[in-house]
Amino acid sequence: MGKLYKGVWLSEHAPHNCEKLTKEQCDALLSKGGWSIREISDFDCPNETSFYAVIKDSFGGMEELSKKVRTKVRKAQKTYEFRLATLDEMLQHGADIYYKAFANYKVKSEFESKEELEKRFRAVAESDEYDAWIVYRIEDNIPVAWSITHVFEGMCEYETVKVDPAYSDSTYPSYGLFYEMNRYYLEERKLSYVNAGWRSVTNHSNIQQFLIDQFIFRKAYCNMKIHYKSGLGAVVSMLFPFRKFMPIPKVKAILAQEAFSRGIE
C-alpha cells in the first residue's frame, strides 16, 4: 500500500495513480509504524492548489527552448557524452561525484555513506525499473555527473542528479543531461511524462524552478492531506500558529507540510 520514508508513509504509485485513502487503510499503515501518511489525490487537476509535482509531458526538441538555453545545450553536447551507465561505472565514479556535489551545497542535509551509495547503485543495476546515467568529458573521458531515474507506470521520475561543481559553469553538463533524458524518455520511449519531484517543504534546492524556467517543465497541481498517528495531530495543530518562527528545521518542515495540507502557501 505504501513505502515508509523517514517516518512518513508515501504512495508507491506514480502520481497519476495516487488515490484517496480510507480510514481503515490509514489505520492499517500507521499500525505498522511511522508517524504520518501523505495522501495525494486529483493529480494534475485544473485548479491551482498549494501542492504540486513538477513535470514535463511533451518534448519539442531545441525549438521549444530559448536561444540562450539552446546555446548552453549545444555547448554541453560538444563537450560531453551522455549515456546510460553500467554498475562498474557507478561503483567507480558515483561516490566521488556525489561528495564533491554535496560539499558545494549551501544548505546542508544528511548524506549517504559510501556503503549506502554502493548498495543503491547495485539495487538500480538489478532492477528493470531504474536507469543510471553518466556524463563524461569527451576530450579526456573524465566523469563529471550522474543521475538515477525511476521508470514505472508509464512515467519517469528523476530521483537524483549529481554534478561535480568543477564542471558546472562554462560547459553546462546539467543542461545537456536534462535535455538528453527528456528526449530519451519523452520522445524515444514515449512515456506520458517525466517528474522532477513534489514541491519541496525545505526549499533546499532550486532545481525545480531551474527546470521550469529552462526546460518548459510545469506545475501539476493536486490535493495533499496529512494523516497523523493518534495524538500527534493535536501537537501539530498546537504548534501550527508558530510555524514561521519555529527554529527547529525538522519541526519547521513538518509544519510547512501541514500548511500545504491545509491549502495554505
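It should be noted that the structure appears before, not after, this text.
Here is a short report on the structure shown in this document. Since the structure is predicted, the reported quantities are computational estimates derived from the model, not experimental observations.

When a protein is soluble and globular, its nonpolar side chains tend to lie buried together. Val73, Tyr158, Tyr185, Phe215 and Phe217 are the most contacted members of the largest nonpolar core, which has 36 residues in total. Among residues more than four places away in sequence, those in contact with Tyr185 are Asp131, Trp133, Thr149, Val151, Cys156, Tyr158, Lys190, Leu191 and Val194. Core analysis: the second largest hydrophobic core is formed by 20 residues, Ala14, Ile55, Trp198 and Tyr228 among them.

Simply put, disulfide is the name for a covalent bond between the sulfur atoms of two cysteines. Within this structure, the stated rule accounts for zero disulfides. With no disulfide of its own, Cys18 has Cys222 as its nearest cysteine by sulfur position, at a separation of 8.2 Å. For Cys18, a relative accessible area of 12% corresponds to the buried category. The closest cysteine sulfur to the non-disulfide-bonded Cys26 is located on Cys18, 13 Å from its own sulfur.

Assignment of secondary structure puts Tyr158 in strand E8 (residues 155–163). In this structure, the C-alpha to C-alpha distance between Tyr158 and Tyr52, residues 106 residues apart in sequence, is 15 Å. A polar contact is formed between the side chain of Tyr158 and the backbone oxygen of Met181, at a distance of 3.5 Å. Within the structure, the side chain of Tyr158 is placed 2.8 Å from the side chain of Asn182, a separation counted as a polar contact.

Let us look at the environment of Ser58. One can find Ser58 in the loop between strand E4 (51–56) and helix H2 (67–79). In this structure Ser58 comes out as partly exposed when scored by relative accessible area, which is 42%. Residues within four places of Ser58 in sequence aside, it is in contact with Glu64 and Leu186.

Right, let's get into helix H5 (residues 173–188). If you check H5, its first and last C-alpha atoms are 21 Å apart, about what 16 residues at 1.5 Å a residue would give, namely 22 Å. In terms of burial, H5 is largely enclosed, as 12 of its 16 residues are buried. All of the buried residues in H5 are Pro173, Tyr175, Gly176, Leu177, Phe178, Tyr179, Glu180, Met181, Asn182, Tyr184, Tyr185 and Leu186. Phi turns positive, to about 55°, at Lys190, one or two residues after H5.

Attention shifts here to the sheet that holds strand E1 (residues 3–5). Read from one edge to the other, the open sheet built from 10 strands follows the order E1-E2-E3-E10-E4-E9-E8-E7-E6-E5, with strand pairing classed as mixed. Unpaired on one side and paired on the other, E1 and strand E5 (80–84) mark the two borders of the sheet. Looking at each pair of strands side by side, their axes are set apart by 35° on average, direction ignored. Relative to strand E10 (residues 218–228), strand E3 (residues 36–41) runs antiparallel, the two sharing six bridges. Residue pairing across strands places Glu39 opposite Lys225, the latter belonging to E10. Along the sheet, H5 contacts E4, E5, strand E6 (130–137), strand E7 (142–152), E8 and strand E9 (194–198); its crossing angle with E8, the most-contacted strand, is approximately 165°. Sheet strands in contact with helix H8 (residues 249–261) are E3, E4 and E10, and its direction is about 110° off that of E10.

What follows deals with the packing of helix H3 (residues 87–103) against helix H4 (residues 114–126). Orientation of H3 relative to H4, taken along the N-to-C sense of each, is 140°, at an axis distance of 10 Å. By the criterion of interaxial angle, the relationship of H3 to H4 is oblique. For H3 against H4, the interelement crossing comes out right-handed. Only Lys114, Leu117, Glu118, Phe121, Arg122 and Ala125 of H4 make contact with H3, whose side of the interface consists of Leu87, Met90, Leu91, Gly94, Ala95, Tyr98 and Tyr99. Split into classes, the residues belonging to the contact of H3 with H4 amount to nine nonpolar, one polar and three charged.

Scanning all chains against the criterion turns up 15 salt bridges. Close ionic contact of Arg183 with Glu180 constitutes a salt bridge, the shortest N to O distance being 2.7 Å. In this pair, Arg183 and Glu180 are both assigned in helix H5, three residues apart and thus about one turn of the helix distant. We note a salt bridge from Glu188 to Arg183, for which the minimum N-O separation is 3.1 Å. Judged by relative accessible area, which is 47%, Glu188 ranks as partly exposed. A single network of salt bridges, built from pairs that share partners, joins Asp44, Asp57 and Arg218.

The description of an aromatic ring pair uses the distance of the two centres, along with the angle that the planes make with each other. Taken as a whole, this structure holds 23 aromatic pairs when the rule is applied. Each ring, one from Trp35 and one from Tyr228, has its centre 6.3 Å from the other, and the planes form 20°; the classification is stacked. Here Trp35 is found in the loop between helix H1 (23–30) and E3, whereas its partner Tyr228 is found in strand E10, with 193 residues between them in sequence. Clustering of aromatic rings is evident, with ring pairs tying together Trp133, Tyr158, Tyr172, Tyr175, Phe178, Tyr184, Tyr185, Phe210, Phe215 and Phe217. In this structure, Arg243 is placed above the aromatic ring of Phe240, and the distance from its NZ or CZ to the ring centre is 4.2 Å.

Reading the values: rules and limits
Residues numbered from 1 in each chain as written. Predicted model: local features only at pLDDT ≥ 70, side-chain atom pairs only at ≥ 80, totals over all residues. Heavy atoms only, no water. Core = buried A, V, L, I, M, F, W, Y, C linked by side-chain atoms within 4.5 Å. Buried < 20%, exposed > 50% of the residue type's maximum accessible area, 1.4 Å probe, protein only. Contact = heavy atoms within 4.5 Å. Disulfide = S-S within 2.5 Å. Helix = DSSP H or I, 4+ residues; strand = E, 2+ residues; numbered from the N terminus. Polar contact = N/O pair within 3.5 Å; in protein donor to acceptor, adjacent residues only side chain to side chain. Expected span 1.5 Å × (residues − 1). Pairing = 2+ DSSP bridges. Axes fitted to C-alpha atoms, helices over the stretch in contact; angles between N-to-C directions. Parallel < 35°, antiparallel > 145°, perpendicular 65-115°, else oblique. Left-handed = near helix turned anticlockwise from the far one by under 90°. Nonpolar A, V, L, I, M, F, W, Y, C, P; charged D, E, K, R; others polar. Salt bridge = Lys/Arg side-chain N within 4 Å of Asp/Glu carboxyl O. Phe/Tyr/Trp six-rings, centres within 6.5 Å; stacked < 30°, edge-to-face > 60°. Lys NZ or Arg CZ within 6 Å of the ring centre and 35° of its normal.

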